[in-house]
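# Summary of structural features
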Amino acid sequence: MLYSWVQAVASAATSLIVEPPWKNRKPNPPPQSFLSLPDVIILNCLARVSMSYYPKLSLVSKTFHSLILSIELNHARFHHQTQEEIFSICLQFHDRPIPTWYTLWIKPGEQENKRSVFVQVPSSYDSYGPLYICTVGSDKYALRQSYPPSPSMLVRNKERVEWRDSPNMTVPRAYPAACELDGKIYVMGGCNDGNKSVKESCWGEVFDTNTQTWEPLPNPTAELRFSSVIKNIEISEGKLYVRSNEGKDSVYDPIKRKWNVAEKKVEGESRCKVGDIHYSCRRKSCMWYDTESDEWRPVRGLSSLNKSCRRGLIETGEYCGKLLIIWDKFALPRRNLQKSICCALVSFENRQDGEVWGKVEWSNVVLTVPSSYSYLRSLANCF
């Protein structure tokens, strides 16, 4: 009888036990994957991320890789006004008949630990080659820097992201150089395809943006028809100075429609305008031009950098409102098989005493190449 009573009490006690809340709770559904979101949402997220993260993000999944290479991402960055400046260089190697483009990528990190590298284009996270862009009013005109030669030129309004076809050039060109003067676009070089009649008859041409028509330029003499990629075209006092990678430069006068030999720039010196100030980098110094005193003055605070790049200075360029300095050196002492291409990014401060001080934000080796390479050209685009 006692046993039956204990058994009844135990049964009643068991029926009164309340299950803890976590046992009654329904299991949570598994977390939703970011990749299950619509592509348009992922694109808008990627557009807000610095492009320096794209190399690693492109490895996350096939979806990320595809979207990073898509034209839609470029449209999204344009819409959100998050476009970034891209700096590219063109190199020639003796074992490759076609020039090779490299784009500068800044690796993510703290300011003092930032490093950069030149990556060959196209890559797994950058499928678009650089463009040679000229601006006329509210329109941007672009020439592709690629092979095989093409007669096409693109155009878009500054307020729109889509490129459209402009009237074709009279001859196909590869890696042409261009500049804008008085509403006209002058295009030169890039037609060295073995066709002598083409090279001689239309080495340069001009596009009138008002009439939307092309016209051949007068034929320069053989010594001024450079066969290699033109470095750039500079405008001074209404004349076009064609800076070549060969022993001579040329100058074209649009008024007289005549070509002449131009004085070659001093080797080991590169000039660049950053903001409103002109800078001149030489093998032993970095100078800025003081318009008030009409003289070149030294930039303070760059003594260590001047010692690093004084022998192999290649070029300077404006990059994100700062000065990008490029030089090379032999990768290993007493061995001339390879060279290291180096870069440094310098910001400037105008102090109250009238001096300009420079600060090296980062400096490192960005690419190792055969010592026989040739540096042809640089371009800066916004994507």
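Residues numbered from 1 in each chain as written. Predicted model: local features only at pLDDT ≥ 70, side-chain atom pairs only at ≥ 80, totals over all residues. Heavy atoms only, no water.

## Quick look at the pairing of strand β12 (residues 232-236)
Pairing between β12 and strand β13 (residues 239-243): five bridges, direction antiparallel. Bridging across to β13, Ile-235 finds its partner in Leu-240. Counting the residues that bridge the hairpin from β12 to β13 gives two residues, and of these Glu-237 lies at a positive phi of roughly 55°. (Pairing = 2+ DSSP bridges. Helix = DSSP H or I, 4+ residues; strand = E, 2+ residues; numbered from the N terminus.)

## Side note on the sheet that holds strand β14 (residues 249-253)
Pairing in this open sheet of four strands is antiparallel, and the strands run β12-β13-β14-β15 from one edge to the other. Unpaired on one side and paired on the other, β12 and β15 (258-262) mark the two borders of the sheet. Ignoring strand direction, the axes of neighbouring strands in this sheet form an average angle of 25°. The pairing of β14 with β15 spans five bridges and is antiparallel. (Axes fitted to C-alpha atoms, helices over the stretch in contact; angles between N-to-C directions.)

## Examining the sheet that holds strand β6 (residues 153-157)
The strand order β4-β5-β6-β7 describes an open sheet built from four strands, whose pairing is antiparallel. A single partner strand is all that each edge strand has here, and the edge strands are β4 (131-136) and β7 (164-166). Each adjacent strand pair in this sheet contributes to an overall mean axis angle of 35°, direction not counted. Looking at chain direction, β6 and β7 are connected through three bridges and run antiparallel. Bridging across to β7, Leu-154 finds its partner in Asp-165.

## A few points about unusual backbone geometry
Between Val-121 and the following residue, Pro-122, the backbone shows a cis peptide bond with an omega angle of 0°. Relative to the elements of secondary structure, Pro-122 occurs in the loop between β3 (115-120) and β4. Phi at Gln-81 is positive, roughly 55°, even though this residue is not glycine. Given the relative accessible area of 72%, Gln-81 is considered exposed. Of note, Asp-294 is a non-glycine position whose phi angle comes to about 55°, a positive value. Its location among the elements puts Asp-294 in the loop between β18 (286-290) and β19 (295-298). Here Asp-294 falls in the exposed class, since its relative accessible area comes to 55%. (Buried < 20%, exposed > 50% of the residue type's maximum accessible area, 1.4 Å probe, protein only.)

## What about the packing of aromatic side chains?
Taken as a whole and judged by the stated rule, the model has nine aromatic pairs. Considering the side-chain rings of Tyr-279 and Phe-348, the 4.1 Å spacing of their centres and the 15° angle between planes classify their relative orientation as stacked. On the criterion of sequence distance, the pair formed by Tyr-279 in strand β17 (residues 277-281) and Phe-348 in strand β22 (residues 335-350) is long-range, its members being 69 residues apart. Overall, the relative accessible area of 2% leaves Tyr-279 in the buried class. Residue Phe-348 is classed as partly exposed on the basis of its relative accessible area, which comes to 23%. Pairwise contacts between aromatic rings join Tyr-186, Trp-203, Phe-226, Tyr-252 and Trp-259 into one cluster. Above the ring of Phe-330, the side-chain terminus of Lys-339 is found at 5.1 Å from the ring centroid. Over the ring of Trp-357 we find Arg-351, and its NZ or CZ is 4.4 Å from the ring centre. (Phe/Tyr/Trp six-rings, centres within 6.5 Å; stacked < 30°, edge-to-face > 60°. Lys NZ or Arg CZ within 6 Å of the ring centre and 35° of its normal.)

## A closer look at the packing of helix α3 (residues 39-47) against helix α6 (residues 71-79)
In the contact formed by α3 and α6, the axes pass within 9 Å of each other and the chain directions differ by 60°. In terms of their interaxial angle, α3 and α6 are classed as oblique. Once α3 is placed against α6, the crossing between them reads as right-handed. For the pair α3 and α6, contact is made by Leu-43, Leu-46 and Ala-47 and by Glu-72, Leu-73, Ala-76 and Arg-77, respectively. Class assignment for the residues of the contact of α3 with α6 results in five nonpolar, no polar and two charged. (Parallel < 35°, antiparallel > 145°, perpendicular 65-115°, else oblique. Left-handed = near helix turned anticlockwise from the far one by under 90°. Contact = heavy atoms within 4.5 Å. Nonpolar A, V, L, I, M, F, W, Y, C, P; charged D, E, K, R; others polar.)

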